[in-house]
Amino acid sequence: LPKPDLKGKMSLEEAMSKRASVREYRQRALTQEEIGQILWSAGGQTRPWGGRTVPSAGALYPLEIDLATPEGLFRYLPGRHQLQLRAAGNLLPKLAAAALNQTFIAQAPAVVVISAVYERTKRRHGSRADRYVHMEAGHAAQNIHLEAVALGLGSVAVGAFNDDDVHRVLGLGENERPLYLIPVGE
């Protein structure tokens with residue numbers, strides 16, 4: 001992916017004031033620059049030791065970020081700022097069906113999926129891990145929404161879905177749980 005732009009064209013305050021839930025998208029595919037910027041905002045590496053754009057309890061980083069497009073399903077690799085193909089083909093219609101038939105998901109040019117491996121945080125933080133993981137997911141999602149606005153795009157947070165169906169459609173790991181679907185587009 002292209003290197004992230006560290007000096008955007010919109011202030012944080014302007015992005016916050018313009019943020020709104022958007023469920024209608026043009027059929028324009030996102031550019032590699034837009035994809036890179038959005039995924040970097042969700043959890044890209046910002047420090048040589050592995051620190052990222054979102055805070056993480058104990059720097060354990062339990063989140064996994066995937067991107068579903070009509071071309072396929074990709075895993076974001078923060079340390080390399082790269083995408084790794086996980087499945088070829090358009091999974092968006094199946095993802096929309098798993099999300100209680102919210103058809104706008106299938107019509108979006110891209111859907112960012114935030115999932116978590118809770119065990120990464122539980123090893124150190126025990127019973128408080130769920131809370132910390134959910135806080136981190138909220139940080140990542142807010143960054144995605146604000147970055148989308150700054151790029152002139154729209155997004156919406158989707159939490160209404162069947163966890164098992166999303167897990168199956170995306171082929172998530174055994175210990176990985178889906179938390180958010182975030183359609184993004186123009």
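No experiment lies behind these values; they were computed from the predicted model shown. In this convention, every chain numbers its residues from 1, walking through the sequence in written order. Totals for whole chains, interfaces and linings use all residues, but because this is a predicted model, local features are given only for residues with pLDDT of at least 70 and pairs of side-chain atoms are given and counted only at 80 or more. Side-chain measures were taken over the full set of non-hydrogen atoms in the model, leaving aside hydrogen atoms and water.

A. Structural context of the overall build of the protein. Each helix and strand in the protein was counted, giving 7 helices and 6 strands. Going from N to C terminus, the protein has its helices and strands arranged as α-α-β-β-β-α-α-β-α-α-β-α-β. Along the three orthogonal principal directions, the C-alpha set of the protein runs to about 45 × 40 × 30 Å. Only protein chains enter the area calculation, which uses a 1.4 Å probe; residues under 20% of their type maximum are buried, those over 50% are exposed, and those in between are partly exposed. Expressed as a percentage of the 186 residues in the protein, the buried residues total 46%. For this analysis, residues touch if any pair of their heavy atoms sits within 4.5 Å. Within the protein, residue pairs in contact and separated by at least 24 positions form 69% of the contacts whose partners lie at least 6 positions apart. About 9400 Å² of surface is accessible on the protein, with carbon and sulfur atoms providing 49% of the total. Only four residue types enter the tally: Lys and Arg on the positive side, Asp and Glu on the negative side, with His and both chain ends excluded. Taken as the charge centre is NZ of Lys, CZ of Arg, CG of Asp or CD of Glu, depending on the residue. Each charge sign in the protein was given a centre, from 22 positive and 19 negative side chains, and these centres are 5 Å apart. Segments assigned H or I by DSSP are reported as helices when at least four residues long, segments assigned E as strands when at least two residues long, and all are numbered from the N terminus. Surface accessibility follows the Shrake-Rupley procedure with a 1.4 Å probe radius. Residue values consider only the protein chains on display as shielding.

B. The arrangement of helix H6 (residues 129–150) in detail. Given a helix with a known number of residues, its expected span is that number minus one, times 1.5 Å. Between its terminal C-alpha atoms H6 stretches 32 Å, which fits the 32 Å expected from 22 residues at 1.5 Å a residue. Downstream of H6 by a residue or two, Gly152 has a phi angle that is positive, lying close to 80°.

C. Focus on the packing of aromatic side chains. Here a Phe, Tyr or Trp ring, Trp counted by its six-membered ring, pairs with any other such ring whose centre lies within 6.5 Å, and the pair is stacked when the planes are under 30 degrees apart, edge-to-face when over 60, and tilted otherwise. Under the criterion given, the structure shown has 0 aromatic pairs. In this structure, Arg23 is placed above the aromatic ring of Phe104, and the distance from its NZ or CZ to the ring centre is 5.9 Å. Distance and angle both matter: a charge sits over a ring if NZ of Lys or CZ of Arg is within 6 Å of the ring centre and within 35 degrees of the ring normal. Directly above the aromatic system of Tyr61 lies the positively charged group of Arg52, at a separation of 4.3 Å from the ring centroid.

D. Quick look at unusual backbone geometry. A positive phi angle, close to 50°, is found at His81, a residue other than glycine. Within the element layout of this structure, His81 appears in the loop between strand E2 (72–77) and strand E3 (82–88). If you check the backbone angles, Asn101 has positive phi at about 60° while not being a glycine.

E. How the structure looks around the pairing of E3. Bridge count between E2 and E3: 6 bridges; the pairing is antiparallel. Bridge pairing links Leu73 to Ala87 in E3. A pair of strands is considered paired only if DSSP assigns at least 2 bridges between the two. Two successive antiparallel strands, E2 and E3, enclose a turn made up of 4 residues, where His81 displays a positive phi of approximately 50°.

F. Just the nonpolar core, in detail. Buried Ala, Val, Leu, Ile, Met, Phe, Trp, Tyr and Cys residues that are joined via side-chain atoms within 4.5 Å together make up what is termed a nonpolar core. One finds Val112, Ile114, Ile144 and Val184 to be the most contacted residues of the largest nonpolar core, which totals 25 residues. Counting residues per element, the ones that place at least two in this core are helix H2 (32–43), strand E1 (63–69), strand E4 (110–117), H6 and strand E6 (176–185). Broken down by element, the residue count for this core peaks at 6 residues, all from H6. Dropping the residues within four chain positions of it, Ile144 is found in contact with Ile38, Ser41, Ala42, Val112, Ile114, Ile182 and Val184.

G. Geometry of the sheet that holds E2. Strand order in the open sheet made by the 6 strands is E3-E2-E1-E4-E6-E5, with antiparallel pairing throughout. Strands at the two margins of the open sheet, each flanked by one partner only, are E3 and strand E5 (154–155). Where E4 and E6 come together, 8 bridges link them in antiparallel fashion. Considered in E6, the bridge of Ile114 is made with Tyr180.

Just distances and angles here, no functional claims.
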